[in-house]
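Observations on the three-dimensional arrangement
Residue-level listing of the chains:
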Amino acid sequence: MSVPGPVVTEVQARFPHAVVVKDAGKQGGIYGAINAAIQAAPGEWDWFTYINDDDVLAPGFARMFVEHTARSDAEPVTYGNVRLINESGGTISFLTTERTPEFIPALLQAQISPLNQQGMLFHREVVERLKEFDLNFRLCADLDFWARAMAAGFAFRYYPFEVGQFRIRRGQLSGDISVTLREQDEIVRRAFPPTTALQQRRAKWRYRLMNLPRYLARVRTVGWTSSYRMLANSAGQS
């Protein structure tokens, strides 16, 4: 657990089974906190995941972990389905997700976010290659991390389980959509070679069709609005 320095002793007393480390302070933000935890990880370990204190690892994460680590040819990166929840834990919808990793670069270049980091799993070799989360990105260092993994040739595998829950709450940093889109565009330009407009259209319409049940569920809950707009509303933007 990566926490502010003044509360390390208190948190360690509450969770004696955990390793509690000092985070990187306000300037480092959440990604500095993750880097601090990775650097402090003791002894032998093979797989890495993380979760923000607002969000939740779902029971399906354990199922994914057990099934994946039992494979003899386990891919170095996995991801699954993420449920979008409100402040009280009520369901909004499942986030739309690309099940076939080969379409992910074209979707990113079409400004579609095709997966969420909650419940992602990375093998140690990925972490050692990438080193750390890039603190130059205030909101999208998690995207940068897994995009660099994909660009480096690490294989991804999708599991059809609910592996995490992403909580929407008023005032959260991820609601700053202008910064999110600017950082996402920079990350994608750096990580992937350009795809054609035709490739992007094909990937986008395939994605829309494949995720149609999730779009309809979201409409029933919050009306006709995009994921980006929901995040903007959570931050109080107009």
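In what follows, the accompanying structure is described.

Reading the values: the criteria
Sequence order sets the numbering: in each chain, residues are counted from 1 along the sequence as written. The model is predicted, so local features are restricted to residues of pLDDT at least 70 and side-chain atom pairs to those at 80 or more, both for listing and for counting; the totals for chains, interfaces and linings are taken over all residues. Here the side-chain values reflect all heavy atoms present in the structure, with hydrogen atoms and water set aside. Stacked, tilted and edge-to-face are the three classes applied to pairs of Phe, Tyr and Trp rings, where Trp contributes its six-membered ring and a pair requires centres within 6.5 Å; stacked means planes under 30 degrees apart, edge-to-face means over 60, and tilted covers the rest. The secondary structure listing takes helices from DSSP runs of H or I that are at least 4 residues long and strands from runs of E that are at least 2 residues long, numbered from the N terminus. Exposure categories follow from relative accessible area, calculated using a 1.4 Å probe and restricted to protein chains: below 20% of the type maximum is buried, above 50% is exposed, and the middle band is partly exposed. Over a ring means this: the NZ of a Lys or the CZ of an Arg is within 6 Å of the ring centre and within 35 degrees of the ring normal. Each axis is a line fitted through C-alpha atoms, taken for helices only over the stretch in contact, and angles between the N-to-C directions span 0 to 180 degrees. Should an angle lie under 35 degrees it is considered roughly parallel, over 145 roughly antiparallel, and from 65 to 115 roughly perpendicular; all remaining angles are considered oblique. The handedness criterion is simple: a crossing whose near helix is rotated anticlockwise from the far helix by less than a right angle is left-handed, and one whose near helix is rotated clockwise is right-handed. By definition in these notes, contact holds between two residues if any of their heavy atoms fall within 4.5 Å. When residue character is reported, Ala, Val, Leu, Ile, Met, Phe, Trp, Tyr, Cys and Pro are called nonpolar, Asp, Glu, Lys and Arg charged, and the others, Gly included, polar. Buried residues of nine kinds, namely Ala, Val, Leu, Ile, Met, Phe, Trp, Tyr and Cys, make up a nonpolar core once their side-chain atoms join them within 4.5 Å.

1. Quick notes on the packing of aromatic side chains
Geometry of an aromatic ring pair is reported as the spacing of the ring centres plus the angle between the planes. Under the counting rule described, the total for this entry stands at twelve aromatic pairs. Between the aromatic rings of Y50 and F133, the centroid separation amounts to 5.5 Å while the plane-to-plane angle is 85 degrees, which identifies the pairing as edge-to-face. Placement of the pair is Y50 in the loop between strand 3 (47–48) and strand 4 (56–57) and F133 in the loop between helix 5 (124–130) and helix 6 (141–151), with a sequence separation of 83 residues. F133 shares its class with Y50; the two are buried. A network of ring pairs unites the aromatic residues Y31, F48, Y50, F122, F133 and F145 as a single cluster. When the ring centre of Y159 is taken as reference, the NZ or CZ atom of R157 above it lies at 5.4 Å.

2. Here we look at the packing of helix 6 against helix 7 (residues 177–191)
Axis separation between helix 6 and helix 7 bottoms out at 10 Å; the angle between their running directions is 15 degrees. Here helix 6 lies roughly parallel to helix 7, going by the angle between them. The two elements helix 6 and helix 7 meet at a crossing, and its hand is right-handed. Contacts between helix 6 and helix 7 involve L143, D144, A147 and A151 from the former and Q184, I187, R190 and A191 from the latter. Within the contact of helix 6 with helix 7, the residues separate by chemical class into five nonpolar, one polar and two charged.

3. Comments concerning the side chain of Q117
By the secondary structure assignment, Q117 is in the loop between helix 4 (104–109) and strand 7 (121–123). Look past the residues within four positions of Q117 in its chain and what remains in contact with it is Y50, N52 and D142.

4. Digging into the nonpolar core
Formed by 35 residues in total, the largest nonpolar core has its most connected members in F48, V77, M120, F122, F133, W146 and F156. Elements with a contribution of two residues or more to this core: helix 2 (25–40), strand 5 (77–85), helix 4, helix 5, helix 6, strand 8 (156–167) and helix 7. Sorting elements by how many residues they give to this core places helix 6 first, with seven residues. Residues within four places of F48 in sequence aside, it is in contact with I34, I38, M120, L121, F122, V127, F133 and F145.

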